[in-house]
Amino acid sequence: ISRWNDELRIFAHPKPECTYVMGVDTATGHGEDYSCISIREFTTWKQVATYRTQMPVANFAARAVELGRLYNNAFVVGEENGCSIATLLQMRDTHNYPDDMFFRDVDVDTQRPREIFGWMNTQKSRRVYLNSYEKFVRDSIKTFKDGRLIAELISFIVKPNGRAEAQEGYHDDMVFADLCCYIGLHNYQPCGALPFWVA
């Protein structure tokens, strides 16, 4: 099912008993890049909805809230950068999206969650997450539903400088939205931390 001029694609409607994770990748709204969302069901990891658009950050934040609420207040993951932080903060502060439904990366020194939203996209973390995500793509391709994402994955390469990104003339915005979702699937604990956690 597609909505909003085919920008939104729904592959499975939300079920009341299910938990969902939403990855958000935000563009500035001025260039050729897209702002994208990927939503997956927490138990099966199946992709249930995607959104790909070009619009100002404030409008995108409102759409993200709408989709997050539709999918049972989905757990939200974005990058820790200017545009994504702006989206996440607007989701919380302007639209009252639940504060505890945002991913916070772990502090490298203390191994405790940081106060700021999002995952730290450093050279090291990017490489680690993308290596893990590549295995997920290869092992679980049946969970991928959007042809736009598949097309981006095909043109996603490691360049001679060692950086993994889209080939020249292609996009990777949906890849990074789904990567954010993948990070959330690994880190979300809807039932709380395991009882044998040791400091």
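For the structure, see preceding data.
So, a few notes on the structure that sits alongside this text. Counting restarts for each chain: residues are numbered from 1 in the order of the written sequence. A pLDDT threshold of at least 70 governs which residues receive local features in this predicted model, and a stricter bar of 80 or more applies before side-chain atom pairs are shown or counted, although totals over entire chains, interfaces and linings include all residues. To obtain the side-chain values, all non-hydrogen atoms of the structure were included, while hydrogens and water were left out.

Focus on unusual backbone geometry
Even without being glycine, Trp-4 reaches a positive phi, approximately 50°. At Asp-6, a position not held by glycine, the phi torsion is positive, near 70°. Comment: elements are numbered from the N terminus, with helices defined as DSSP H or I runs of at least four residues and strands as E runs of at least two. For Asp-6, the position within the fold is in the loop between strand 1 (2–3) and strand 2 (8–10).

Quick word on the packing of aromatic side chains
Two rings belonging to Phe, Tyr or Trp (six-membered ring only in the last case) form a pair when the distance between their centres is within 6.5 Å. Interplanar angles under 30 degrees mark stacking, angles over 60 mark edge-to-face geometry, and anything in between is tilted. For the structure shown, the criterion picks out 16 aromatic pairs. Centre to centre, the rings of Trp-119 and Tyr-129 are 5.3 Å apart; their planes meet at 85°, and the pair counts as edge-to-face. Of this pair, Trp-119 sits in the loop between helix 2 (82–93) and helix 3 (123–139) while Tyr-129 sits in helix 3; the two residues are 10 residues apart in sequence, bridging distant segments of the chain. Residue Trp-119 shares its accessibility class with Tyr-129, and that shared class is buried. Measuring from ring centre to ring centre gives 5.6 Å for Tyr-133 and Tyr-182, while their planes differ by 65°; the resulting arrangement is edge-to-face. With Tyr-133 in helix 3 and Tyr-182 in helix 5 (residues 173–187), this residue pair connects regions lying 49 residues apart in the sequence. Here, over-ring charges are defined by two tests on the NZ atom of lysine or the CZ atom of arginine: distance to the ring centre within 6 Å, and angle to the ring normal within 35 degrees. Across the ring face of Tyr-34, the terminal group of Arg-52 is positioned such that the distance to the ring centre comes to 3.6 Å. Its end group placed over the ring of Trp-4, Arg-63 keeps NZ or CZ at 3.8 Å from the ring centre. Burial classes: relative accessible area under 20% of the type maximum marks a residue as buried, over 50% as exposed, and values in between as partly exposed (1.4 Å probe, protein chains only).

As for the sheet that holds strand 2
Strand order across the open sheet formed by six strands is 1-2-5-4-3-6, with mixed pairing between neighbours. A strand with exactly one partner marks an edge of an open sheet, and here the two such strands are strand 1 and strand 6 (75–78). Note on pairing: two strands pair once DSSP finds at least 2 bridges between them. Of the strand pairs in this sheet, strand 3 (residues 20–25) and strand 6 are connected by four bridges, and their pairing is parallel. Bridged to Val-21 within strand 6 is Phe-75. Residues count as neighbours in contact if any of their non-hydrogen atoms are within 4.5 Å of one another. Every angle, taken between N-to-C directions, lies between 0 and 180 degrees, and every axis is a line fitted to C-alpha atoms, over only the stretch in contact when it is a helix. Helix 1 (residues 57–70) contacts strand 2, strand 3, strand 4 (35–41) and strand 5 (47–53) of the sheet and is inclined by roughly 10° relative to strand 4.

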